[in-house]
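The primary structure of each chain is shown beneath.
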Amino acid sequence: MADLLDDHPTLSTVPPAAGEPAPPEPPPPLDETARARALLDAQPVTEGHTELPRSLDPEDLPPARAAEAGAQFWSLHVEADEGVVGTLRRIDAVRALVAACPEDLRLAQNTSEMAHARNCGRVAALLGPVAWTALGGSAATLRAYHALGVRAVNLTRFDRFARDAVREMNRIGLAVDLSGADRDTVRRTLEVTRAPALLTRAAPEGLPDDVLGLLGANGAVCMVAVTDDPAAVADVLDRVRAAAGAHCAGVSRTTAPAVGYVPLFAELLRRGWSAQELVGLAHANVTRALRETEFLARTNHIRPAAA
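Residues numbered from 1 in each chain as written. Predicted model: local features only at pLDDT ≥ 70, side-chain atom pairs only at ≥ 80, totals over all residues. Heavy atoms only, no water.

### What to know about empty space enclosed by the protein
Thinking step 1. One pass over the structure, following the stated rule, counts two cavities of 30 Å³ or more.
Thinking step 2. Its boundaries defined by the atoms lining it, the largest cavity holds a volume of some 40 Å³.
Thinking step 3. Lining the largest cavity are Pro44, Val45, Thr46, Gly70, Ala71, Met114 and Arg118.
Thinking step 4. Of all the secondary structure elements, the ones that give two or more residues to the lining of the largest cavity are β1 (45-50), β2 (69-74) and α4 (111-119).
Thinking step 5. Taken together, the residues that form the lining of the largest cavity break down as four nonpolar, two polar and one charged.
Thinking step 6. Size it by volume and the second largest cavity reaches roughly 40 Å³.
Thinking step 7. The wall of the second largest cavity is formed by Thr50, Pro63, Ala64, Arg65, Gln72, Trp74, Leu105 and Arg253.
Thinking step 8. Of the residues contributing to the lining of the second largest cavity, the split by class is four nonpolar, two polar and two charged. (1 Å grid on protein atoms, 1.4 Å probe; cavity = no way out; pocket = protein on both sides within 12 Å on 5 of 7 lines; lining within 4 Å. Points joined across faces, edges and corners; volume = space filled by probe spheres on them. Helix = DSSP H or I, 4+ residues; strand = E, 2+ residues; numbered from the N terminus. Nonpolar A, V, L, I, M, F, W, Y, C, P; charged D, E, K, R; others polar.)

Right, here's the structure in full:
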């Protein structure tokens, strides 16, 4: 028994036998840039705001994008005087763009189709947001957009129609996009919606901490535009994480697609963001918000609102 209690050398302290090579040294840890690149290779980004190219010249297709992009919300905003007709033309143009780039893009109307596109090596194209002025004050128009594949509507003011429209969007599975909305509109919308809101082109610097906290409680996602200054963008995302929670952070389209998202993610790693938080930032947060919106629509049996 005494022999069993005697200390014995561990494997790490046993010297190699004569003539045997020493075990190899462990590889050096990856730096933040290499870690960010590895993470984004496995977890492509869902971008919150993509503008349609000015022309659909075949020589310019597919449109330039960051290599790490895995899904994109295609903005359907038009000038106020273009209204419904201009929006329908924009929807038709996005569909034509996707059809012209079958090896690069795939239209997605739900989170399952987003995942399928990613698994096939394509970028998922999501229609929306539609401008609030393009609804014409009609819930019927709202439902027609949804039937055409639109999955987000940009609400910028709150009135009686907006209250009813938000409820109808919850019922049919349209995400409420609060990009550009003032703090009062954000507060009043969050009192009504049962699904997480999106800010596909967020400007958190214009929202006080208490409003960001309300967005966090709602499960909303603030998709912050990425520029070629990763430190400045990281400052904005740090504030979102502090006031609303890491689950509320997302990214919008980068203004420097050739640079991509690696510098930003490397900067956030240096600031202590965990790998799990960065996966959420890349795509998991917005996927969760969209999935909850879809689930609410499947379980909601409220009658359609009047046109």
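### Things to note about the state of the cysteines
Thinking step 1. The full count for this structure, using the stated rule, is zero disulfides.
Thinking step 2. Of all cysteine sulfurs in the structure, the one in Cys222 sits closest to Cys248, which takes part in no disulfide; the separation is 4.0 Å.
Thinking step 3. For Cys248, a relative accessible area of 0% translates into the label buried. (Disulfide = S-S within 2.5 Å. Buried < 20%, exposed > 50% of the residue type's maximum accessible area, 1.4 Å probe, protein only.)

### What about the pairing of strand β8 (residues 198-202)?
Thinking step 1. Along β8, four of the five residues are buried, which leaves the element largely enclosed by surrounding structure.
Thinking step 2. Note that β8 and strand β9 (residues 221-226) share three bridges and pair parallel. Each bridged residue has a counterpart across the sheet, and for Leu199 the counterpart in β9 is Cys222.
Thinking step 3. Crossover connection from β8 via helix α8 (residues 209-218) to parallel β9: handedness right-handed. (Pairing = 2+ DSSP bridges. Right-handed = clockwise from strand over helix to strand, strands pointing away.)

### Details of the pattern of salt bridges
Thinking step 1. As enumerated under the stated definition, the model contains 15 salt bridges in all.
Thinking step 2. As a salt-bridge pair, Asp104 and Arg65 come within 3.9 Å of each other at their nearest N and O atoms. A residue pair is termed long-range when its members are at least 10 positions apart, and Asp104 in the loop between α3 (83-100) and β3 (105-107) and Arg65 in the loop between β1 and β2 qualify at 39 residues.
Thinking step 3. Assessed through its relative accessible area of 23%, Asp104 is described here as partly exposed. (Salt bridge = Lys/Arg side-chain N within 4 Å of Asp/Glu carboxyl O.)

### Section: the packing of helix α5 (residues 139-147) against helix α6 (residues 160-172)
Thinking step 1. Orientation of α5 relative to α6, taken along the N-to-C sense of each, is 30°, at an axis distance of 10 Å. Taken together, the axes of α5 and α6 are roughly parallel relative to one another. α5 and α6 meet at a crossing whose hand is right-handed. Where α5 abuts α6, its residues Ala139, Leu142, Arg143 and His146 lie against Phe161, Ala165, Glu168, Met169, Arg171 and Ile172.
Thinking step 2. Looking at side-chain class alone, the contact of α5 with α6 contains six nonpolar, one polar and three charged residues. (Axes fitted to C-alpha atoms, helices over the stretch in contact; angles between N-to-C directions. Parallel < 35°, antiparallel > 145°, perpendicular 65-115°, else oblique. Left-handed = near helix turned anticlockwise from the far one by under 90°. Contact = heavy atoms within 4.5 Å.)

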